[in-house]
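Coordinates in review
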Amino acid sequence: MIEAGANKPLPRNLLWSCDQAEAKSKDIVATWIIELHSKDPKRKSLQIAFPAFPKMEDCRSFSGVIYSRIDPLTDKIVRQKVNITLIQEEVSDSLQPLQWEAKMSIVDESFNIRLVKQ
């Protein structure tokens, strides 16, 4: 969805796609928001924001860990990473979506915990 911030404030608790967008978030007029919902009702949804207007070329991708835990049986760290890349996005002068294409992948990772000597 696209959220226009001109008439109302943008939602709180957004995860911005890059540091530059987070620093300039008060100046962003409209933003693309990708909302991730877990099938597990105990987990919270996640909103990732990409600047739609003004456009920021360096903020077209997002990568981050969305879930992690330690497996007590195997002593491994298990986590999920999400990668989102905007391929094509365009808004009209009235901030309505014209074009939208993105790629998203979720990667499951696990690795051993290293013990550190004192």
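Read on for an overview of the structure. (Residues numbered from 1 in each chain as written. Predicted model: local features only at pLDDT ≥ 70, side-chain atom pairs only at ≥ 80, totals over all residues. Heavy atoms only, no water.)

1. Section: the pairing of strand β5 (residues 61-71)
The pairing of β5 with strand β6 (residues 76-91) spans 10 bridges and is classified as antiparallel. Looking across to β6, one finds that I70 is bridged to I77. Between the end of β5 and the start of β6, which pair antiparallel, lie four residues, with D75 showing a positive phi angle near 55 degrees. (Pairing = 2+ DSSP bridges. Helix = DSSP H or I, 4+ residues; strand = E, 2+ residues; numbered from the N terminus.)

2. Structural notes on the side chain of Q47
Here Q47 shows up in strand β4 (residues 46-53). For Q47, a relative accessible area of 18% corresponds to the buried category. Setting aside residues up to four positions removed in sequence, Q47 forms contacts with P11, R12, N13, L14, L15, I33, I34 and E35. (Buried < 20%, exposed > 50% of the residue type's maximum accessible area, 1.4 Å probe, protein only. Contact = heavy atoms within 4.5 Å.)

3. Details of unusual backbone geometry
Following F53, the chain continues to P54 via a peptide bond in cis, the omega torsion being -5 degrees. Along the chain, P54 turns up in the loop between β4 and β5. You will see that D75, though not glycine, has its phi angle at about 55 degrees, which is positive. Residue D75 is classed as partly exposed on the basis of its relative accessible area of 48%.

4. With respect to the state of the cysteines
Working definition of a disulfide: a covalent bond connecting the sulfur atoms of two cysteines. Going through the model one piece at a time under the given rule, you end up with one disulfide. The disulfide bridge from C18 ends at C59, spanning 1.7 Å between sulfur atoms. The sign of the S-S torsion, about 45 degrees, decides the handedness of the disulfide formed by C18 and C59: right-handed. On the criterion of sequence distance, the pair formed by C18 in the loop between β2 (15-16) and α1 (19-23) and C59 in the loop between β4 and β5 is long-range, its members being 41 residues apart. (Disulfide = S-S within 2.5 Å.)

The analysis is restricted to geometry; functional conclusions fall outside its scope.
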